[in-house]
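Spelled out from the first residue to the last, the chains are:
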Amino acid sequence: MHDPVDAVIAVTFRCNAHCAMCNIWRSRREDALRPEHLDKLPASLRTINLSGGEPFCRDDLDAFVRHARRRCPRATITISTNAYTPDRIVSMMADIRRIDPAVRLAVSLDGIGPAHDRIRGDAGAFDAAVQLIDRLTADGYRRLRLGMTVSRDNVEQLAGVAELAARRGLELGVVAAHAAETHLGVSGLPAPAMPPHARRGFERLCARWLRTWRPKLWLRAHFAAGTYRRLARRPWRVRCRAGEDFVFLQADGTVYSCSVRGRALGNLIEQDWTEIARAPAVAGARQAARHCPERCWMICTARSAYRRRPWAAGGWIALNKLRAHLRLLRLRRPYAPEDSPGADCSH
């Protein structure tokens, strides 16, 4: 096992939300992971997402950032939050930003107003998120982004969330809801067909990004198109490198090959990274990833593919950027990073 470059680290099982697509708030498991355990992380990491649960439930979140930054000096650190406690988050972010001025904060927003509250299971969730965004922006914080988890239950909210992000000058990440048993305690999610208007919503979002002259947004458009394919139950197989390029660290210290159907590789509390990397379980996890039926399309999956074959999405971007400028964009099958340039791109 070569050292991974991406890691999602769940620092807690605790969560103060009651989301429709996640059961971790039902967990009664104890958090065994401590900040000093991150001193065992592979220094090769380039991206670290501190997640949960809700990471701001931990009083020592700043220490996790400190240890992660010291151990992985070249990594981009992102904290994901449901934004339920704006006062606490603003206060804690002031300390965290002193430790790592480059730290990013991803605020979950799954709809506008009552729609977000419905998905998150609590009244006032949307107002709390907007308050947090406004306060951090007013404080001069420029590393804020939004993250939307899309399912049939909220796909009609995509345009509204994208518009809110554009008005505030924030990046927007759009991902499909996954049945993440390892991470979120969800062993299965209903997968009804997407409503007919879902495709058009994704086409408009992709067109918005493709009409810019920012290559990062072009890749986001390609990723969003793949997200639509996943939701429409027409995903393609990308060579999954779970346990190789990326890993998931749970709050009990267990290292998994991924956060969805990952296999346990070892425990970072009890073992050094070298011992985990040499464990027999690694080979089995790699083999399982190659034949995994989940066919995920997540940030970690795509990022790994883009890094290894950065030209893979180029054909799709070039063709659909032209279509977007001519206002003729219709989503076709995005070139999967394992596809050949001549692969069929029709539905």
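In what follows, the accompanying structure is described. These figures come from a predicted structure and were not determined experimentally. (Residues numbered from 1 in each chain as written. Predicted model: local features only at pLDDT ≥ 70, side-chain atom pairs only at ≥ 80, totals over all residues. Heavy atoms only, no water.)

**Here's the deal with the overall build of the protein**
Moving on, step 1. Of the regular secondary structure elements, the protein holds twelve helices and nine strands.
Moving on, step 2. Nonlocal contacts in the protein, meaning residues at least 24 apart in sequence, comprise 74% of its contacts between residues at least 6 apart.
Moving on, step 3. Summing over all exposed atoms, the protein offers an accessible surface of approximately 15,000 Å²; the carbon and sulfur share of this is 51%. (Helix = DSSP H or I, 4+ residues; strand = E, 2+ residues; numbered from the N terminus. Contact = heavy atoms within 4.5 Å. Areas by Shrake-Rupley, 256 points an atom, 1.4 Å probe, with all protein chains shown as cover.)

**Remarks on the nonpolar core**
Moving on, step 1. Core analysis: the largest hydrophobic core is formed by 84 residues, its most contacted members being I48, L50, I79, M93 and L105.
Moving on, step 2. When residues of this core are assigned to their parent elements, the largest contribution, eight residues, is made by helix α8 (residues 215-231).
Moving on, step 3. Excluding its chain neighbours within four sequence positions, the residues that come into contact with L50 are I9, V11, P55, L61, F64, V65, I77, T78, I79 and S80.
Moving on, step 4. Membership of the second largest hydrophobic core comes to ten residues, among which are A17, M21, C22 and A251. (Core = buried A, V, L, I, M, F, W, Y, C linked by side-chain atoms within 4.5 Å. Buried < 20%, exposed > 50% of the residue type's maximum accessible area, 1.4 Å probe, protein only.)

**Considering the pattern of salt bridges**
Moving on, step 1. According to the stated counting rule, one finds 24 salt bridges in the structure shown.
Moving on, step 2. Close ionic contact of D134 with R168 constitutes a salt bridge, the shortest N to O distance being 3.4 Å. With D134 in helix α4 (residues 125-138) and R168 in the loop between α5 (158-167) and β6 (171-176), this residue pair connects regions lying 34 residues apart in the sequence.
Moving on, step 3. Judged by relative accessible area, R168 falls into the partly exposed class, the value being 31%.
Moving on, step 4. Between R199 and E203 there is a salt bridge whose closest N-O contact spans 2.8 Å. Separated by four residues within a single helix, R199 and E203 lie in helix α7 (residues 197-210), roughly one turn from each other.
Moving on, step 5. Among the residues examined, R199 registers a relative accessible area of 23% and is labelled partly exposed.
Moving on, step 6. Judged by relative accessible area, E203 falls into the buried class, the value being 3%.
Moving on, step 7. Ionic contacts of the salt-bridge type, sharing partners, join the residues R104, R145, E171, K216 and R220 into one network. (Salt bridge = Lys/Arg side-chain N within 4 Å of Asp/Glu carboxyl O.)

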